[in-house]
Amino acid sequence: MEWSHELLTEPEQVLLRRLSVFAGGFTLDAVAAVCADAPLQQIELLDLLAKLVDKSLVVTERRGAGTRYRQLETVRQFGQENLDHAGEAAQLAAAHCAYFLAVAESHNPERATGVVIEQPKLLDREHDNLRAALRWSCAHEPETALRLAASLWRFWFLRGHAVEGARWVERALAVAPDSTRPRAAALIGLTGLDSRQGRGDRHRALGAEALAIMREIGNPDEVTMARLIETSLAWSTFDLDEAEQLAADVHTEAVEGGRPEHCAASSWLLGQCALSREDGPLAARHLNTCLSELAQSETSTPPFLPVITPSLQLVPIAGRLVPCVEETLLLGRRVGVIQAKGYVLSAIGYAARLSQDTQSAISVITDAAEHFAELGDDLARAQTLHQLGCILRDCGDHSAADEALSLARELRLGLGDRRGELLTEINIALLRAMGGDMDRGLTDARRCLSGFESAGDQVGMGATLTILGAAELISGEVRAAREMYRQAAEKVAPWRRHTGWQRLMVAELSNELGDPHRAAREIDRAGEIFDRTKCLIAGQRLAALRRRDPDDDVETALSAR
């Protein structure tokens, strides 16, 4: 290596050592931004780089997005030694960090205006460089580290890096404790990354700190946005009474202040609370009010609506409604007026489904999917197609369901929405089971379970277990189904409505299996959730369980055997 180095011209030697600052490859634009200090001139960089390629000291990788370059690790290590000897290491690391901060911020959907289009897969190729920038900035520029973490959490969230992402955000928060906007954004980002890992225990504390920061340094709109996020976090932890009051307070102030977009966001959250309470007509009223308020809002308004879904749906299986976790609860997006309309239509579809008006649900969700297609928002379009496919499946239209779910999976795969892709695949697996191909359905669902396990996605594992429970019921394997719901209850424990429904299923199936004592324990556990926070359908099922005579259940179970 030393011999090859000695044959280089001085400018080639300078560029070779400076290129060692990159991790995992680089582009010509990155070289121009990071390496073009004296004695090098930007105009000569391409020629110098080409000469290093000709001498096999730099490797080219031509892809659809353009040409990338990289150094073999031995060459890079040699360059780093020379960079240190030249006294340029700190300067180059700072320039490298500044460049990749700009890259991260340019991909941050929170900074977008108008229609928010996300393409998280594009950052994959720079992930190693972003990690290097985070390592350096945590040690040398804490505020930059926080800006990086605040810009990248959504990428980690979508691409299945929640565990790593949460560690970076926590590290950045630890080294940059001052009350700043990036800190508030990172705190909210951490709630999203936590939710991917099945954690909800610090949602409220993180949201409260973010709100306190905005009250200290933010303008009125920023404070309102923080309050809306606090409301969505209260909703996510099933503190529905509090969430409804918070949303109502924002709505009252928004009416007084003439801010229809804030009215719409609070009506949206009230509608989501009603969906969680399993009150379809009430949810529809709130959501239709939201549509009216959106119609009064300026389309140029910055993103303000926090995107969330009910997540858990009640699916007709073997003569009963069973809980299946179909979608992500906290989607981590904020959108403006134009995209908000599509999400509200989608939520009205959930309300119609709750009210068992499936034809209205199919119609309005189809409208939502077409709306997002016109906007070019494939992330939202995939979600609505997924939702449409699940309803079509439940209606028995398996061919149309397969078409919608397959397109949703294709879109999610192309975007790099790894969790979304797996959620669609487990619902396709249930479609297979409902269509009679039980072996394939179970095999596909178990493969997805392994995918969620590898990503550390606890709730994704729980979602898969609810699908496996439904499949076992279709097969008549009641005991196996009960075990799936028991495991699911543990995985989705942070989301209390979710775990309450799994406990109800374990209780009902225990009665059928002639195990009244187990049923009684699970009824008590479900009651701890649904006695505190009323849900219409869950409450009815719980009341029916409580009315049953355990001795009669034993007699019935024994006679059935």
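Below is a short write-up of the structure. (Residues numbered from 1 in each chain as written. Predicted model: local features only at pLDDT ≥ 70, side-chain atom pairs only at ≥ 80, totals over all residues. Heavy atoms only, no water.)

## Quick word on the state of the cysteines
Throughout the structure, instances matching the rule amount to 0 disulfides. Distance from the sulfur of cysteine 97, which forms no disulfide, to the nearest cysteine sulfur (cysteine 138) is 9.2 Å. The closest cysteine sulfur to the non-disulfide-bonded cysteine 273 is located on cysteine 535, 11 Å from its own sulfur. On the accessibility criterion, cysteine 273 (0% relative accessible area) is buried. (Disulfide = S-S within 2.5 Å. Buried < 20%, exposed > 50% of the residue type's maximum accessible area, 1.4 Å probe, protein only.)

## Digging into helix H5 (residues 73–85)
Between its terminal C-alpha atoms H5 stretches 18 Å, which fits the 18 Å expected from 13 residues at 1.5 Å a residue. Among all positions of H5, only Val75, Arg76, Phe78, Gly79, Asn82 and Leu83 are buried. Burial along H5 is one-sided: seen end-on, the buried residues are contained in an arc of 160°. Exposed and facing more than 90 degrees away from the buried side of H5 are Thr74, Asp84 and His85. Check the buried side of H5 and you find it contacts helix H1 (2–6), helix H2 (10–19) and helix H6 (89–106). (Helix = DSSP H or I, 4+ residues; strand = E, 2+ residues; numbered from the N terminus. Expected span 1.5 Å × (residues − 1). Arc of directions from axis to C-beta. Contact = heavy atoms within 4.5 Å.)

## What to know about the nonpolar core
Side chains of nonpolar character tend, in soluble globular proteins, to be buried together. If you look at the biggest cluster of nonpolar residues, it comprises 173 residues, and the most contacted ones within it are Leu15, Leu19, Phe22, Trp268 and Phe530. The greatest single-element share of this core, amounting to 11 residues, is contributed by helix H8 (residues 142–159). Residue contacts for tryptophan 268: discarding those within four places in its chain leaves Leu287, Cys290, Leu305, Pro306, Val307, Ile308, Tyr343, Val344 and Ala347. Counting residues in hydrophobic clusters, the runner-up holds 5 residues, among them Ala382, Leu385, Ala408 and Leu411. (Core = buried A, V, L, I, M, F, W, Y, C linked by side-chain atoms within 4.5 Å.)

## Some points on the pattern of salt bridges
If you walk through the whole model with that rule in mind, you get 52 salt bridges. Note that arginine 199 is salt-bridged to aspartate 201, the shortest N-O span being 2.7 Å. Sharing partners across several salt bridges, the network here consists of Arg204, Asp239, Glu242, Arg496 and Arg532. (Salt bridge = Lys/Arg side-chain N within 4 Å of Asp/Glu carboxyl O.)

## Some points on the environment of threonine 384
Note on placement: threonine 384 falls in helix H18 (residues 378–394). Spatially, the C-alpha atoms of threonine 384 and valine 169 are 30 Å apart, while their sequence positions differ by 215 residues. Apart from residues lying up to four places away in sequence, threonine 384 is in contact with Ser346, Ile365, Ala368, Ala369 and Phe372.

## Quick word on the packing of helix H12 (residues 220–236) against helix H14 (residues 260–276)
Closest axis-to-axis distance for the H12/H14 pair is 10 Å, and the angle between their directions is 5°. As far as their axial angle goes, H14 and H12 are roughly parallel. In this structure, H12 contributes Asp221, Thr224, Leu228, Thr231, Ser232 and Trp235 to the contact, and H14 contributes His262, Ala265, Ser266, Leu269, Gln272, Cys273 and Ser276. Split by residue class, the contact of H12 with H14 holds 5 nonpolar, 7 polar and 1 charged. (Axes fitted to C-alpha atoms, helices over the stretch in contact; angles between N-to-C directions. Parallel < 35°, antiparallel > 145°, perpendicular 65-115°, else oblique. Nonpolar A, V, L, I, M, F, W, Y, C, P; charged D, E, K, R; others polar.)

## Describing the packing of aromatic side chains
Inspection of every chain in the model, using the stated rule, returns 7 aromatic pairs. Between tryptophan 153 and phenylalanine 157, the ring centres sit 5.7 Å apart and the planes meet at 80°, which makes this aromatic pair edge-to-face. Taken together, the positions of tryptophan 153 and phenylalanine 157, both in helix H8 and 4 residues apart, correspond to about one turn of that helix. For the residue pair tryptophan 153 and phenylalanine 157, the accessibility class agrees, reading buried in each case. Geometrically, the ring pair formed by phenylalanine 238 and phenylalanine 530 is edge-to-face, given 6.5 Å between the ring centres and 90° between the ring planes. Placement of the pair is phenylalanine 238 in the loop between H12 and helix H13 (240–257) and phenylalanine 530 in helix H25 (residues 516–530), with a sequence separation of 292 residues. Comparing phenylalanine 238 with phenylalanine 530 shows no difference in burial state: the two are buried. Aromatic ring contacts, followed pair by pair, group Phe22, Phe26, Tyr69, Tyr99 and Phe100 into a single cluster. (Phe/Tyr/Trp six-rings, centres within 6.5 Å; stacked < 30°, edge-to-face > 60°.)

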